[in-house]
Amino acid sequence: MSKVVLKNVKKVFSGDILAVNDANIEIADKEFMVLVGPSGCGKSTTLRMLAGLEEITEGEIYIGDRLVNDIPPKDRDIAMVFQNYALYPHMNVYNNMAFGLRLRKFPREEIDRRVRYAAEILGINELLDRKPRALSGGQRQRVAVGRAIVRKPKVFLFDEPLSNLDAKMRVQMRAEISKLHARLQATMIYVTHDQTEAMTMGDRIVVMKDGFLLQIADPLSLYEKPANKFVAGFIGTPPMNFMEGRLIKKDEGLYFNEGRSEVKVIEDMIPKLTPYLKKKIIFGIRPEDIHDKLFVGEAAPENTIVATVEVVEPMGAENLLYLTTGNHSFIARVEAHSQASVNEDLELVLNMSKAHFFDKETEEVII
C-alpha cells in the first residue's frame, strides 16, 4: 500500500510566518493527486514536508501505514523530481540515473536492468551516453523522471517539473507523465501553479491559498461546483466572470441586477437565494455560458444583457470577447462567426442554469 495521509499538518517558519495551516489530505494508493495554487500558497512546502526536506511544526504524515515524521528523506521510500532537474553535469545520462542505486550498493546487473528499463519507458535509450549539457529541456526532464523510476519508490513527488519548458513541450510532457502514471500504477503527488496542468493530469486536485486547503475534488467537480469564489476564479481558462449586484423580486420571480442589466434567476435556485434579497451578492458565470444572441435563436429576454465590446480575440474555432456592462468587465467565449465589433453594443444570452452565486462577505458559494 502506498497511501499517503497528512493529519493536521502545520508549518510555521521563523518570524511566525504561517506557510501551511491544518492540512488534512488522504491520497489513495495509485492515485495521481495535484496540489495547485498561486505562488506562496504552501504547495511546495507541503511536498517538501512529505519528502522530509522540511520539518513539520505540528501534525502527522503517514506513507503507507508508517508514521514518517522523524524518518529521514532517504528512508521514506519516495523519489522526488525537481523543477531544475538537479542532474550531475559531469556524469552522462546512464550514470545520473544509476547514481542513487550505486549509493545503496545495488548489484551492477540490477542497476543496469533498472536503468535500461526506465530508459525504454521514457524513450531515451539513445541518450544514455550523453551529458546533460547536450540535452534539450524535455530530454533533461525525462532523465530526471528516469532517475526517480529506477528507485521503484512507493511515492513519486513532482515539484513543478514542467515550468522550465516551452509551451509545446509542456503539453507533450503532461501527456508523457500521465501515461507513465498509468503504466507504473504508482502513487504520484504533483505540485503546479498551472491550473491547466492540474485539470488535465490529476485524479483529484487540492486547491491551496495562503497556506489553507480550500477544496479537494476531482477536476470536473472543481469546475462545476467550486466551494468559493477563489476556486471558481482560479480553475478555468479564461476564468469565471464575476459581477457584484443585488437580488430583487419582480413579477413573481427573482432577478439579479448588476446596474445596467438584470437577468432572471432560475426557479430551482430561488429557495437558497431568497435570504439574500436586496443584499449585495456576487454573481459568477463562465465565458462559455455567455452566447451571442444571433446564434441562440429564440432567447428569453429575461436571460439577455447588453454589453459593449472592447476587444475581439479570434481563436480559430471561437472568438473571445472582452466586454463591459455597468461597472463590470467580463469575457464571453462565442462562435467564431460572431459579427461582434469593437465599441459596439452586443446582445448576449446567459445560460442561467450554469450561474453561480457567492456570499459577498465570506466569498463562499451559495449555489
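What counts and how
- Residues numbered from 1 in each chain as written.
- Predicted model: local features only at pLDDT ≥ 70, side-chain atom pairs only at ≥ 80, totals over all residues.
- Heavy atoms only, no water.
- Pairing = 2+ DSSP bridges.
- Helix = DSSP H or I, 4+ residues; strand = E, 2+ residues; numbered from the N terminus.
- Contact = heavy atoms within 4.5 Å.
- Axes fitted to C-alpha atoms, helices over the stretch in contact; angles between N-to-C directions.
- Phe/Tyr/Trp six-rings, centres within 6.5 Å; stacked < 30°, edge-to-face > 60°.
- Buried < 20%, exposed > 50% of the residue type's maximum accessible area, 1.4 Å probe, protein only.

Looking at this structure, how should I read the sheet that holds strand β1 (residues 4-13)?
Sheets are built from strands that pair by backbone hydrogen bonding, the pairs being arranged parallel or antiparallel. As summarised here, the arrangement of the four strands in space is β2-β1-β4-β5, forming an open sheet in which the pairing is antiparallel. Strand pairing shows two members of the sheet lacking a second neighbour, β2 (17-27) and β5 (66-67), which therefore form its edges. In this sheet, β5 lies alongside strand β4 (residues 58-63) in antiparallel orientation, the contact comprising two bridges. Bridging from a neighbouring strand, Ile63 pairs with Arg66 of β5. Of the strands in this sheet, β1, β2 and β4 are in contact with helix α1 (residues 43-51), which crosses β1 at around 115°.

Would you explain the packing of aromatic side chains in this entry?
Working definition: an aromatic ring pair is given by the centre-to-centre distance plus the angle between the planes. Enumeration according to the criterion identifies nine aromatic pairs in this entry. On the basis of an interplanar angle of 15° and a centroid distance of 5.5 Å, the ring pair of Phe230 and Phe234 is categorised as stacked. Of this pair, Phe230 and Phe234 both sit in helix α8 (residues 229-234), four residues apart, which is roughly one turn of the helix. Of the two residues, Phe230 and Phe234, both sit in the buried class. Centroid distance Phe283 to Phe357: 5.4 Å. Interplanar angle 50°. Geometry classified as tilted.

Which parts of the structure should I look at to understand the sheet that holds strand β9 (residues 204-209)?
Overall, mixed pairing links the six strands, which are arranged β6-β7-β8-β3-β9-β10 in an open sheet. Looking at which strands have only one partner, the edges of the open sheet turn out to be β6 (78-81) and β10 (212-217). Sheet twist, expressed as the average angle between the axes of neighbouring strands with direction ignored, equals 15°. Across five bridges, strand β7 (residues 155-159) lies against strand β8 (residues 187-192) in parallel orientation. Opposite Leu157, over in β8, you have Ile189 as the bridge partner. In the packing of helix α5 (residues 167-184) onto the sheet, the strands contacted are β3 (32-36), β7 and β8, and the crossing angle to β8 comes to about 160°.

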